[in-house]
Amino acid sequence: AQSVAQPEDQVNVAEGNPLTVKCTYSVSGNPYLFWYVQYPNRGLQFLLKYITGDNLVKGSYGFEAEFNKSQTSFHLKKPSALVSDSALYFCAEGNFNKFYFGSGTKLNVKP
Amino acid sequence: DTEVTQTPKHLVMGMTNKKSLKCEQHMGHRAMYWYKQKAKKPPELMFVYSYEKLSINESVPSRFSPECPNSSLLNLHLHALQPEDSALYLCASSQGQGAYEQYFGPGTRLTVT
C-alpha cells in the first residue's frame, strides 16, 4: 500500500517566489520521512529527513520541510526559488527495512 | 565523503549477453540497495543487502543476480535480459535501514537491444 503520496505531478513557480512541493503520508505511528531531488540522468540526492523532534527540518540548498502530524503532511518548501531548483522531487517514507517513494513532482522554476 | 560510484555509466547489451553492473561505497555503510528506475517514475526497489547478506529480494526475475563480495562492493549480474529491462539502475547505501538516509550513485543507463 502506498504510504506517501505526492498529489501534484508538476509545480510551476517564478524565480524568486516561494515554492512548496506537497507530500502526505498514511503510515500510523511515528513515520521516518525523507525528501530527495533528482536532476536529469542523475541519481537521487538527499535533501532532508524527519525522524523526531522539531517539526521544521532544514536541509541542503536552502530547502526546509514541515512535519504536520494532524494533517499527515511533510511539505517541502523554499523561501525563494532558483531556476537551478528545476528538477524532479521525491518524498519517501522509510520503515524498518526499505523506502517507499512517492510518485514524484516535477518542479519548473521560470526566470 | 558521501559518494557512491557506479560503473559503467552507460551499457548497451543484446538479449543473449552477460554483463555486470558495479557499485562501490567507502562510507562504512552496512546496507546496500539496487533500484530500477524508468523515466519520470520513482525508483523501484530490487534487492537489499544488510551486512553483506541478501535481506530483501522484491521478486526480481532470476535474469538479475546480485552479489555483495565485501562491505564496500555490490554487483548486479545481468543475463538474458529483455528490452523492457532497459532503465536507469541505481545503487544506494545507508548506515542502516529504516531511519537512515540512503545515498545514491549516479546510475547506469542500460539499454537492451
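Before any of the text, the structure's been laid out above.
Heads up: these notes are all about the structure in this document. (Residues numbered from 1 in each chain as written. Chains lettered and ligands numbered in written order. Predicted model: local features only at pLDDT ≥ 70, side-chain atom pairs only at ≥ 80, totals over all residues. Heavy atoms only, no water.)

In this assembly, 24 residues from chain B lie in contact with 22 residues from chain A. Of all residues in chain B, Gly98, Ala99 and Glu101 of chain B bury the most surface against chain A, accounting for 26% of the area lost on that side. The tally of links from chain B across to chain A stands at two salt bridges. We note a salt bridge from Glu101 of chain B to Lys49 of chain A, for which the minimum N-O separation is 2.6 Å. Our enumeration of links across chain B and chain A arrives at five residue pairs in polar contact (both at pLDDT 80 or more). In terms of residue class, the side of chain B that touches chain A is built from 14 nonpolar, five polar and five charged. (Contact = heavy atoms within 4.5 Å. Buried area = accessible area lost by both parts, 1.4 Å probe. Salt bridge = Lys/Arg side-chain N within 4 Å of Asp/Glu carboxyl O. Polar contact = N/O pair within 3.5 Å; in protein donor to acceptor, adjacent residues only side chain to side chain. Nonpolar A, V, L, I, M, F, W, Y, C, P; charged D, E, K, R; others polar.)

Here we come to the state of the cysteines. Enumeration according to the criterion identifies two disulfides over all chains in this entry. Covalent S-S linkage joins Cys23 of chain A and Cys91 of chain A, the inter-sulfur distance amounting to 2.0 Å. One quick way to see it: the torsion about the S-S bond of Cys23 of chain A and Cys91 of chain A is about -60°, and its sign makes the bridge left-handed. Taken together, the residues Cys23 of chain A in the loop between strand E3 (19–21) and strand E4 (24–25) and Cys91 of chain A in strand E10 (residues 87–94) connect sequence positions 68 residues apart. By the burial criterion, Cys23 of chain A is buried, and Cys91 of chain A matches it. Bridging Cys23 of chain B to Cys91 of chain B, the disulfide has an S-S length of 1.8 Å. The S-S bond linking Cys23 of chain B to Cys91 of chain B shows a torsion near -70°; that makes this disulfide left-handed. You can see Cys23 of chain B sitting in strand E3 (residues 18–25) and its partner Cys91 of chain B sitting in strand E9 (residues 87–94), a full 68 residues away along the chain. Relative accessible area serves as the criterion here: at 0%, Cys91 of chain B is assigned to the buried category. Among the cysteines around Cys68 of chain B, which has no disulfide bond, Cys23 of chain B carries the closest sulfur, lying 9.3 Å off. A relative accessible area of 13% means that Cys68 of chain B is categorised as buried. (Disulfide = S-S within 2.5 Å. Helix = DSSP H or I, 4+ residues; strand = E, 2+ residues; numbered from the N terminus. Buried < 20%, exposed > 50% of the residue type's maximum accessible area, 1.4 Å probe, protein only.)

Keep in mind that these numbers describe shape and distance, not what the molecule does.
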